[in-house]
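Now for the letters of each chain:
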Amino acid sequence: MSRLQVVSGKGGTGKTTVAAALALALATEGKRALLVEVEGRQGIAQLFETEALPYEERKIAVAPGGGEVYALAIDAERALLDYLQMFYKLGSAGRALKKLGAIDFATTVAPGVRDVLLTGKACEAVRRKDRNGRFAYDYVVMDAPPTGRITRFLNVNDEVAGLAKVGPIHNQAQAVMRVLKSRETAVHLVTLLEEMPVQETADGIAELRAARLPVGRVVVNMVRPQVLDATDLERVGSTSRTALARSLSGAGLGGARRGGHAERLVDPLLAQAAEYGERYALEQEQRAVLTDLGLPLDELPLLAEGMDLAGLYELAAELRKQGIA
Ligand SMILES: Nc1ncnc2c1ncn2[C@@H]1O[C@H](COP(=O)(O)OP(=O)(O)OP(=O)(O)O)[C@@H](O)[C@H]1O
Ligand SMILES: [Mg+2]
């Protein structure tokens, strides 16, 4: 099982939710997982119903069986100071740089630098060991940028290593890429069973593969329950209205009077079945496209009551059942 699990996908498909559920699932049974946010939106804090995360690792949840989930919202500016500290022992010079606006420049004007810092910090957490030589975290899960930006984001250190041909920055960039391109890393894509996100998933996987980044699994999120299958739908289509009305009243629907009242239920029922049938066909089409990608597929249910902490544990249990964790 890869120790760095990166979760990407089209915007709004559930990246943050799936990353959080995955961290819970991986931490189950006494493990330690770090959930990392890189987009500075405090989505993780919201999901776990805690206050905004500071730039430090803090425990935010206990997983089933006693595991622990830590969270970190990586702040690019602070990460730059860490980075400079690491190479140049800057100390107060860092504060001076900040006053001069150099850090603003580096973190907002040059987005590539920002990404170097974010991926660098995540990889540092992956490689970090405690005093006894054990990994500080068993797993690091990253709530990553969306599909359209993920390859560039993960590959940014390749560019840096190419620019700085020798020296500490070159070595650091290479060390990060070694983690990201190894089996230690898996990039998962979250999608819905709809045409646009499925297309984005297919394109994203092609891009990741071309860049030799390790693709993990596809997680289909917000899957609606299947109420009828293909055989049922065919049967609905071939049943006469009279037969339908008869079996409805036979089931005690539409009132006691024979025939008459159940008639009224037939049209709305058929309309609903037709609507469901259409959706079912579209979803099956998208499932087939996803299956052709040749990656393991996981499906997470749409939680009808919306997301809350209990729902998150439910999704984590589902991920474990499906073998992702
Ligand atoms: N399985 C689910 N069942 C019900 N609601 C869900 C499910 N997964 C996600 N949601 C809800 O869908 C919305 C989008 O989810 P989330 O914020 O995780 O997506 P995202 O991909 O991280 O979005 P963004 O691109 O804005 O970062 C949220 O309101 C979330 O609570
Ligand atoms: Mg998000």
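Scroll up to find the structure this text is about.
Residues numbered from 1 in each chain as written. Chains lettered and ligands numbered in written order. Predicted model: local features only at pLDDT ≥ 70, side-chain atom pairs only at ≥ 80, totals over all residues. Heavy atoms only, no water.

K.L.:
Describe in detail the site of ligand 1, supporting the description with residues and values.
P.N.:
Near ligand 1 you find 15 residues, and of these Gly-12, Lys-15, Thr-16, Thr-17 and Leu-303 are the closest. One nitrogen or oxygen atom from the side chain of Thr-16 is found 2.8 Å from an oxygen atom belonging to ligand 1. Between an oxygen atom of ligand 1 and a side-chain N or O atom of Arg-41, the distance comes to 2.9 Å. If ligand 1 stood free it would expose 630 Å²; the protein chains cover 71% of that surface. (Near = heavy atom within 4 Å. Polar contact = N/O pair within 3.5 Å; in protein donor to acceptor, adjacent residues only side chain to side chain. Areas by Shrake-Rupley, 256 points an atom, 1.4 Å probe, with all protein chains shown as cover.)

K.L.:
Describe the nonpolar core, naming the residues involved and giving the relevant values.
P.N.:
Leu-34, Ile-74, Val-140, Met-142, Ile-150 and Leu-180 are the most contacted members of the largest nonpolar core, which has 52 residues in total. The biggest single contributor to this core is helix 6 (residues 111–127), with seven residues. Dropping the residues within four chain positions of it, Leu-34 is found in contact with Glu-57, Tyr-70, Ala-71, Leu-72, Ala-125, Tyr-137, Tyr-139, Val-140 and Val-141. Ala-20, Ala-23, Ala-71 and Ala-73 belong to the second-largest nonpolar core, a separate cluster that totals 35 residues. (Core = buried A, V, L, I, M, F, W, Y, C linked by side-chain atoms within 4.5 Å. Buried < 20%, exposed > 50% of the residue type's maximum accessible area, 1.4 Å probe, protein only. Helix = DSSP H or I, 4+ residues; strand = E, 2+ residues; numbered from the N terminus. Contact = heavy atoms within 4.5 Å.)

K.L.:
I'd like to hear about the sheet that holds strand 2 (residues 32–37), residue by residue, with values.
P.N.:
If you trace the eight strands from one edge of the open sheet to the other, you get 3-4-2-5-1-6-7-8, paired in mixed fashion. Across the chains shown, the open sheet's two edge strands, defined by having one partner strand only, are strand 3 (58–62) and strand 8 (297–301). Here the average twist between neighbouring strands, direction ignored, is 25°. Bridging between strand 1 (residues 4–9) and strand 5 (residues 139–143) involves four bridges; their strand directions are parallel. Pairing of Leu-4 across the sheet is with Val-140, part of strand 5. The sheet strands contacting helix 9 (residues 195–210) are strand 6 (185–191) and strand 7 (215–223), and the helix crosses strand 6 at an angle near 165°. (Pairing = 2+ DSSP bridges. Axes fitted to C-alpha atoms, helices over the stretch in contact; angles between N-to-C directions.)

K.L.:
Which residues make up the packing of helix 1 (residues 15–27) against helix 13 (residues 309–321), and what values go with them?
P.N.:
In the contact formed by helix 1 and helix 13, the axes pass within 8 Å of each other and the chain directions differ by 65°. Judged on the interaxial angle alone, helix 13 and helix 1 are roughly perpendicular. Our pair here, helix 1 against helix 13, has a crossing hand that is right-handed. Residues Thr-17, Val-18, Ala-20, Ala-21, Leu-22, Leu-24 and Ala-25 of helix 1 form the contact with helix 13, whose own contacting residues are Leu-312, Tyr-313, Leu-315, Ala-316, Leu-319 and Arg-320. Considered class by class, the residues forming the contact of helix 1 with helix 13 number 11 nonpolar, one polar and one charged. (Parallel < 35°, antiparallel > 145°, perpendicular 65-115°, else oblique. Left-handed = near helix turned anticlockwise from the far one by under 90°. Nonpolar A, V, L, I, M, F, W, Y, C, P; charged D, E, K, R; others polar.)

K.L.:
Explain the packing of aromatic side chains to me, using residue names and the numbers behind them.
P.N.:
Scanning the model with the defined rule gives two aromatic pairs in all. Consider the rings of Tyr-70 and Tyr-137, whose centres lie 5.8 Å apart with planes at 65°: the pair is edge-to-face. Within this pair, whereas Tyr-70 is found in strand 4 (residues 68–73), its partner Tyr-137 is found in the loop between helix 6 and strand 5, the two being separated by 67 residues in sequence. The class of Tyr-70 is buried, set by a relative accessible area of 15%. When the ring centre of Phe-135 is taken as origin, the NZ or CZ atom of Arg-3, which lies over that ring, is 3.5 Å away. Taking NZ or CZ as reference, Lys-129 lies 5.0 Å from the ring centre of Phe-135, over its face. (Phe/Tyr/Trp six-rings, centres within 6.5 Å; stacked < 30°, edge-to-face > 60°. Lys NZ or Arg CZ within 6 Å of the ring centre and 35° of its normal.)

K.L.:
Any details on a negative patch on the surface? Residues and values, ideally.
P.N.:
Taken together, Glu-49, Glu-305, Asp-308 and Glu-314 make up a surface patch of like negative charges. Within the secondary structure, Asp-308 is located in the loop between strand 8 and helix 13. In this structure Asp-308 comes out as partly exposed when scored by relative accessible area, which is 37%. (Patch = residues over 30% accessible without salt bridge, like charges linked within 9 Å, V, L, I, M, F, W, Y side chains within 5 Å. Salt bridge = Lys/Arg side-chain N within 4 Å of Asp/Glu carboxyl O. Lys, Arg positive; Asp, Glu negative; His and termini not counted. Charge placed at Lys NZ, Arg CZ, Asp CG, Glu CD.)

K.L.:
Can you break down the pairing of strand 7 residue by residue, with the values?
P.N.:
Sheet faces and side chains relate simply in a regular strand, where the side chains alternate between the two faces. The element strand 7 is extensively covered by neighbouring structure, given that seven of its nine residues are classed as buried. The sheet contact formed by strand 6 and strand 7 spans four bridges and is parallel. Bridging from a neighbouring strand, Val-190 pairs with Val-219 of strand 7. In this fold, the crossover linking strand 6 to strand 7 by way of helix 9 has right-handed handedness. For strand 7 and strand 8, the ladder comprises four bridges, and the chain directions are parallel. Paired with Val-219 across the bridge in strand 8 is Asp-298. (Right-handed = clockwise from strand over helix to strand, strands pointing away.)

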